[in-house]
Amino acid sequence: MIVGDPMGVMPCAREGCEHIMCRRYNSHHGYICEECFADLVVFLAERDGSSVKIVEAFMNIPVGSNQYAFREQAKKDADELFPECK
Ligand SMILES: [Zn+2]
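Remember, it's a predicted structure, so these values are computed and weren't measured experimentally. (Residues numbered from 1 in each chain as written. Predicted model: local features only at pLDDT ≥ 70, side-chain atom pairs only at ≥ 80, totals over all residues.)

Student: Residues and numbers for unusual backbone geometry, please.
Tutor: Its identity is not glycine, yet Met21 carries a phi of approximately 60°, on the positive side. Counting through the fold element by element, Met21 comes out in the segment before β1 (24-26). In this structure Met21 comes out as exposed when scored by C-beta crowding, with 12 C-beta atoms within 10 Å. (Helix = DSSP H or I, 4+ residues; strand = E, 2+ residues; numbered from the N terminus. Buried ≥ 20, exposed ≤ 12 C-beta atoms within 10 Å, placed from the backbone.)

Shown next, in the form of structure tokens:
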């Protein structure tokens, strides 16, 4: 797809989002709509970072998820980083 093609659709790459005609694009993550972008800002503020892994986690959190879902994902990531000793 050609970036900025006026005839093309630019579908939001976030899980569950149906928005098209997105104006923001990242070569790794794809397009993102304004609503998901606003969510992403909140997500990044909570996570204190914007690494590829963090953004990827966000893109996989379905649209309509609340802060609780964000925290669940953060907990999962933290669990992975510091698994409990058996
Ligand atoms: Zn979206």
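Student: Before we move on, can you summarise the environment of Phe70 with the specific residues and values?
Tutor: Take Phe70: it is sitting in helix α3 (residues 67-81). Along the primary structure Phe70 and Arg47 are separated by 23 residues, whereas in three dimensions their C-alpha atoms are 9.3 Å apart. Those residues within four positions of Phe70 in sequence are excluded, and the remaining contacts are Phe43, Glu46, Ile61 and Ser65. (Contact = placed C-beta atoms within 7 Å.)

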